[in-house]
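These are the residues of each chain, in order.
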There are 2 protein chains.
Amino acid sequence: MENDAYQRLVQQFATIQDLNSAANTLDWYARTKAPKAAQPGLGSQIATLRRQAHELLVGPKSADDLAAAEAREPWEAANLREMRRQHRLATALPAEFVEAQALAASRAQLVWERARPEGDFTAFLPALKEFLGHVRDRARIQGQVLGLSPYDALLESHDPGRRNASITSMFGELETVLPGIVDRVRGGPKPAGPTGKKKRLKRVARRMMTMIGLPTTHARLDTSSHPFTAGRPEDIRITTRYSGAPGEALMAVLHECGHALYIAGLPAAWRQQPVGAARGMTAHESQSLLIEMLACRSRGFAVHYARLLRDEFGEEGAWDPDRLHAVLTHVQPGFMRVEADEVTYPLHIIIRYRCETAMLDGTLDPADLPDAFDDAMAALLGIRPGNPREGCLQDPHWTLVEGWAYFPTYALGALMAAQLAETMWAALPGLDGDLARGDFAPLAGWLRENVHSRGCFDPSSDALLEHATGRPLDTGAFLRHLERRYLPGRS
Amino acid sequence: MENDAYQRLVQQFATIQDLNSAANTLDWYARTKAPKAAQPGLGSQIATLRRQAHELLVGPKSADDLAAAEAREPWEAANLREMRRQHRLATALPAEFVEAQALAASRAQLVWERARPEGDFTAFLPALKEFLGHVRDRARIQGQVLGLSPYDALLESHDPGRRNASITSMFGELETVLPGIVDRVRGGPKPAGPTGKKKRLKRVARRMMTMIGLPTTHARLDTSSHPFTAGRPEDIRITTRYSGAPGEALMAVLHECGHALYIAGLPAAWRQQPVGAARGMTAHESQSLLIEMLACRSRGFAVHYARLLRDEFGEEGAWDPDRLHAVLTHVQPGFMRVEADEVTYPLHIIIRYRCETAMLDGTLDPADLPDAFDDAMAALLGIRPGNPREGCLQDPHWTLVEGWAYFPTYALGALMAAQLAETMWAALPGLDGDLARGDFAPLAGWLRENVHSRGCFDPSSDALLEHATGRPLDTGAFLRHLERRYLPGRS
């Protein structure tokens, strides 16, 4: 009887998964291939699929089955735990509230898109205020249901089990140490990276994907205005953009390959089930940053990277590994988060974290956001934006339903990447040589065994990390990594 | 109260539409862009979306609302009629039957795919027998519910209101007349059509799409193994293939443009509703054939076609309109339906129609299909396949759930195209000149007004045709068209 309930849930969550996968494919289509006129219709279809999935999840049968179901072994138990978690999160908000919030978000997004190019914060402020009202209500209601503070309740959507207190503590350590490192290693203007025509860059990008373990039988590469990764283990879709510096297009592909490798390595036996998913956004970002930052900006990989570029561009595009490595590890404070280097990036996140926690608890009036943002940037990065376009208006997150309490996962992902990398490099003594030869199999194998194949078996990213490295997340490995890479022999 | 029921139905059918549109987009993705490994997962997602749509349609609320709903004006009344029609068709089969049939179909398809290259009918026969059993059961059950003969019941899925008796009568006229025309006009081996590299052919194809009224803001062009059209008015997706003769790729695009123009011209105010859909497959095929056969194989269009080719290929690819027209209207019996010309094509359909009606009513044992097929081809086309690969194994239709009683709509579409064209040419005296200049606006305008914008307002394709031409479908206009084009001055 109980087991019937579990089997019914397995069926139901597989259907929910299919609906969400379909919505993700439509979203990918809208962002890469769809004719311009198709966008509103696709938006409506995606909303319908999400609503159907939500209705199945919160439907009357789910609660009874979730109460009655029993698991026979640890993975089933973890699956049931994740089912219950998803159900709890979904039922914590009335449906009308979800709809009103989604509408406020799309209004705010439209206003933001128009306000950003001019840096017109005054035009954006009413929409921000309205949407913030919804976010505060949501955080309060979900917090009451889950027994959590408002910000912790929002974090549950992105990194289950993560608490604001531990973020405050880790970010406190980072903001104490990082500005000093930046001062010691900052360079002049960034040296120009590799250049080349789009068609040839694409060829290099495809070779990189195969190198990392994502062959064309299982993965695509397309163009979009912001790089992203979507899809399922056997249907990976990476995008990049060629509008910026050509080398950036390739680094974006490497970053997305980290996300893609995670998706590809999720436990095959649990593909349609909650326990078969990735362990939240901190873990996801750790995988992209581990590939992009730890592995592919290393001195070892620069050797292979130079070889890839020479293969495609010949001597005209010849790069020596030292020059490439200098480009890849150049440090320089700048206004834009998405263009930031590895050392200044966490400081960009801390600026946003300070602003959003203060707006959420009411200590920062949204009207004062530009000043608060600029003050924080001046304090942490030593530069002051001349215009909200380069300040608080640069990111879309605060107009997205899932955009609040999301920023921290970028910096936590960097910490987690470094912590995993430290353990992995110790376990694989030949790794630098492997990367210099473009052999990613040992790295991918270690990550698959210790991270990817565990899906959501562990209840939190900290538990996953403890399994892989022996301890929950801290700043130690990240700071040691920065010291090794940026301050060799200086300390 | 009654109006509430109607409004609930409007909401529900919009959701069903979104689910089906999403399934169609996934199907397009699977056939054009998806990595090879993605296919099974996409199949599962598509099946889930279709099942969800079906469950909404047959759900307990629908029947009550459909009984209670009242329409306030003629389009609402037509919409309600179409809702009831879809509901009746969907509820005419038990869900378990639908599932068993779908499984038998996918088994049969797999067997067919393996048997066809070798022409191994013996390998295919058991799967055909099993699936035919399902088809006969389905036709009988649906026939009982709808009060129709088995074949008429199947026709309801493709061309509502179409009855087998009228098909038999029209096909009887065609098979009396067409072989004689073929004998009089058949040419030697087909002259070589235009050639050119894929990249340049694509550019010509894109210009053709814009010419017909399908600009890139609303329509895409991709490659697939069989040409098809998918999408919605503002999100049109045409595919073609470049594996055959290069000119065939362009003619396929023109054919698909006819389907696409129909989709693009459907009534905008009813976009999410049953009455906003196309009026069945005979009507759909009439639109593709009107563009491809009637308009784009005309002497007038050959002038513009030659210009398009010269623009892209310069003098090396120069074609004069007369030579192009000779290629486009070459008549020669051949084994393969998809390669057939305008005159022999309906005979290919009649061969299949004879075989499938006889298998359905039990007068033809599937074991005797190859002989029956070859005999019919010998009688109608004067050629005899040497191998089932060129005979009864060439089409996938008899392994598809919606493949039976589908063939007739191809030939009926040709009749309907000619009937519409005859009225249109009479209404637009400058049309030949317009086509010679590549100006499709008058043609597209006439079709939009008289066909596309009516959606499913008319209860059948005959009613639609009667509205546009003053009479239901017959063979007259088609035979007159063949005489004008192929036998000028000979009669």
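Right above here is the structure, for reference.
What counts, and at which threshold
Residues numbered from 1 in each chain as written. Chains lettered and ligands numbered in written order. Predicted model: local features only at pLDDT ≥ 70, side-chain atom pairs only at ≥ 80, totals over all residues. Heavy atoms only, no water. Helix = DSSP H or I, 4+ residues; strand = E, 2+ residues; numbered from the N terminus. Rg over C-alpha atoms; globule rule 2.2 N^0.38 Å. Contact = heavy atoms within 4.5 Å. Areas by Shrake-Rupley, 256 points an atom, 1.4 Å probe, with all protein chains shown as cover. Lys, Arg positive; Asp, Glu negative; His and termini not counted. Charge placed at Lys NZ, Arg CZ, Asp CG, Glu CD. Pairing = 2+ DSSP bridges. Least-squares fit on C-alpha atoms with pLDDT ≥ 70 in both. Buried area = accessible area lost by both parts, 1.4 Å probe. Polar contact = N/O pair within 3.5 Å; in protein donor to acceptor, adjacent residues only side chain to side chain. Nonpolar A, V, L, I, M, F, W, Y, C, P; charged D, E, K, R; others polar. Core = buried A, V, L, I, M, F, W, Y, C linked by side-chain atoms within 4.5 Å. Buried < 20%, exposed > 50% of the residue type's maximum accessible area, 1.4 Å probe, protein only. Axes fitted to C-alpha atoms, helices over the stretch in contact; angles between N-to-C directions. Parallel < 35°, antiparallel > 145°, perpendicular 65-115°, else oblique. Left-handed = near helix turned anticlockwise from the far one by under 90°. Salt bridge = Lys/Arg side-chain N within 4 Å of Asp/Glu carboxyl O. Phe/Tyr/Trp six-rings, centres within 6.5 Å; stacked < 30°, edge-to-face > 60°.

Novice: Looking at this structure, how should I read the overall build of chain A?
Specialist: Counting its regular elements, chain A contains 20 helices and 3 strands. Scaling as 2.2 N^0.38, a compact globule of 491 residues should have a C-alpha radius of gyration of about 23 Å, and chain A matches this with 22 Å. Counting contacts in chain A only where the partners sit at least 6 residues apart, residues at least 24 apart contribute 72% of the total. Counting every atom, chain A has about 19400 Å² of accessible surface; 53% of that belongs to carbon and sulfur. Here chain A carries 56 positive and 60 negative side-chain charges, and the mean point of each set is 5 Å from the other.

Novice: When you look at the pairing of strand E2 (residues 229-232) of chain B in this model, what are you seeing that I'm missing?
Specialist: Two faces make up the sheet, and in a regular strand the side chains alternate between them. All names here are of chain B. One ladder, built from 4 bridges, connects E2 with strand E3 (residues 235-240); its direction is antiparallel. Across the sheet, Ala-230 pairs through a bridge with Arg-237, a residue of E3. Count of turn residues in the E2/E3 antiparallel hairpin: 2 residues.

Novice: When you look at the relation of the copies chain B and chain A in this model, what are you seeing that I'm missing?
Specialist: In the superposition of chain B on chain A (RMSD 0.0 Å, axial shift 0.0 Å), the rotation amounts to 180°. Accordingly, the operation relating the two chain copies is best matched by a two-fold axis. No C-alpha of chain B lies nearer the rotation axis than that of B:Ala22, which sits 3.5 Å from it. Taken as a fraction of all interface residues of chain B, those also at the interface in chain A reach 100%, which identifies the copy contact as same-surface.

Novice: Mind showing me how you'd approach the interface of chain B and chain A here?
Specialist: How big an interface is tends to be stated in terms of accessible area lost as the parts join. Listed per partner, the contact involves 34 residues of chain B and 34 residues of chain A. Taken over both partners, the interface formed by chain B and chain A buries close to 2600 Å², and the fraction arising from carbon and sulfur atoms is 59%. Sorting the residues of chain B by area buried against chain A places B:Asp18, B:Tyr29 and B:Gln45 first, and these three jointly supply 19% of that buried surface. Seen at the junction of chain B and chain A, the total is 18 residue pairs in polar contact (both at pLDDT 80 or more). Of all the secondary-structure elements, those providing two or more residues to the side of chain B that touches chain A are helix H1 (2-32), helix H2 (39-58), strand E1 (219-223) and E3 of chain B. Considered class by class, the residues forming the side of chain B that touches chain A number 13 nonpolar, 12 polar and 9 charged.

Novice: Any chance you could explain the nonpolar core here in plain terms?
Specialist: Generally speaking, a soluble globular protein has its nonpolar side chains buried in company with each other. In terms of nonpolar packing, the biggest core is built from 128 residues, with A:Leu214 and A:Leu443 touching the most fellow members. Looking at which element gives the most residues to this core, the answer is helix H16 (residues 407-427) of chain A, with 12 residues. Contacts of A:Leu214, omitting those with residues within four sequence positions, involve A:Met209, A:Ala219, A:Ile238, A:Cys257, A:Ala260, A:Leu261 and A:Ala264. B:Leu201, B:Tyr345, B:Leu381 and B:Leu482 belong to the second-largest nonpolar core, a separate cluster that totals 127 residues.

Novice: Quick question: what am I supposed to make of the packing of helix H11 (residues 280-295) of chain A against H16(A) here?
Specialist: A pair of packed helices is characterised by two quantities: the angle between their axes and the separation of those axes. Residue and element names in this part refer to chain A. Relative to each other, H11 and H16 sit at 60°, their axes nearing to 7 Å. By the angle between their directions, the pair H11 and H16 is classed as oblique. The handedness of the crossing between H11 and H16 comes out as right-handed. Between H11 and H16, the residues in contact are Met-281, Thr-282, Ala-283, Glu-285, Ser-286, Gln-287, Leu-289, Leu-290, Leu-294 and Ala-295 and Thr-409, Tyr-410, Leu-412, Gly-413, Ala-414, Met-416, Ala-417, Ala-418, Leu-420, Ala-421, Met-424 and Trp-425, respectively.

Novice: Is there a simple way to think about the sheet that holds E1(B) in this case?
Specialist: Residue and element names in this part refer to chain B. Spatial ordering of the open sheet is given by E1-E3-E2, a layout of 3 strands whose pairing is mixed. Taken across any chain shown, the strands that pair with only one partner, and hence form the sheet edges, are E1 and E2. The sheet shows a mean angle of 15° between the axes of neighbouring strands, taken without regard to direction. The sheet contact formed by E1 and E3 spans 5 bridges and is parallel. Each residue of the ladder has a partner; that of Asp-222, found in E3, is Thr-239. On top of the sheet, helix H9 (residues 198-212) reaches E1 and E3; it is set at about 150° to E1, its chief contact.

Novice: Explanation requested: the pattern of salt bridges in the structure shown.
Specialist: When the charged atoms of two side chains with opposite charge come close together, those side chains can pair. Summed over the entire model, instances satisfying the criterion amount to 62 salt bridges over all chains. Two residues, B:Arg297 and B:Glu292, come together in a salt bridge whose shortest N-O distance is 2.5 Å. Judged by relative accessible area, which is 8%, B:Glu292 ranks as buried. Here B:Glu342 and B:Arg485 are joined by a salt bridge, their closest N and O atoms 3.1 Å apart. Separated by 143 residues along the polypeptide, B:Glu342 in the loop between helix H13 (321-328) and helix H14 (345-360) and B:Arg485 in helix H20 (residues 476-486) bring together distant segments of the chain. As far as burial versus exposure is concerned, B:Glu342 and B:Arg485 are alike and both buried. Beyond isolated ion pairs, a larger network of salt bridges with shared partners links A:Arg81, A:Glu82, A:Arg85 and A:Arg279.

Novice: What am I meant to see in the packing of aromatic side chains here?
Specialist: Geometrically, a pair of aromatic rings is defined through the distance of the ring centres and the angle of the planes. Across all of its chains, the model carries 26 aromatic pairs over all chains by this definition. A centroid spacing of 5.7 Å and a plane angle of 80° characterise the contact between A:Phe301 and A:Phe440, whose relative ring orientation is edge-to-face. Separated by 139 residues along the polypeptide, A:Phe301 in helix H12 (residues 299-313) and A:Phe440 in the loop between helix H17 (431-436) and helix H18 (441-450) bring together distant segments of the chain. Just as A:Phe301 is buried, A:Phe440 falls in that class too. Seen in terms of ring centroids, B:Trp75 and B:Trp270 are 6.0 Å apart; in terms of plane orientation they differ by 20°. Their pairing is stacked. Taken together, the positions of B:Trp75 in helix H4 (residues 74-91) and B:Trp270 in the loop between helix H10 (246-264) and helix H11 (280-295) put the pair 195 residues apart, joining distant regions of the chain. Overall, the relative accessible area of 22% leaves B:Trp75 in the partly exposed class. B:Trp270 gets classed as buried once you look at its relative accessible area, which sits at 17%. Joined through ring pairs, the aromatic side chains of A:Tyr345, A:Trp398, A:Trp404, A:Tyr406, A:Phe407 and A:Tyr410 make up one cluster.

Novice: Could you clarify how one ought to interpret the environment of B:Thr329 in this entry?
Specialist: All names here are of chain B. Within the fold, Thr-329 resides in the loop between H13 and H14. Linking Thr-329 and Ser-298, residues 31 residues apart in sequence, is a C-alpha distance of 8.5 Å. Beyond its immediate sequence surroundings of up to four residues, Thr-329 is in contact with Arg-297, Arg-485 and Tyr-486.

Novice: Teacher, can you tell me more about the sheet that holds strand E3 (residues 235-240) of chain A here?
Specialist: Strand pairing in a sheet relies on backbone hydrogen bonds. The paired strands run either parallel or antiparallel. Residue and element names in this part refer to chain A. Spatial ordering of the open sheet is given by E1-E3-E2, a layout of 3 strands whose pairing is mixed. Whereas interior strands pair on both sides, the edge strands pair on one side only; in this sheet they are strand E1 (219-223) and strand E2 (229-232). Between one strand and the next, the sheet's axes are offset by a mean angle of 15°, whatever the strand orientation. Along the sheet, helix H10 (residues 246-264) contacts E1, E2 and E3; its crossing angle with E3, the most-contacted strand, is approximately 160°.

Novice: For this particular structure, what's the right way to read H20(B)?
Specialist: Owing to its 3.6 residues per turn, the α-helix brings residues three or four apart onto one side. Burial analysis of H20(B) places 8 of its 11 residues in the buried class, which makes it a mostly covered element. By the burial criterion, the buried members of H20(B) are B:Gly476, B:Ala477, B:Phe478, B:Leu479, B:His481, B:Leu482, B:Arg485 and B:Tyr486.

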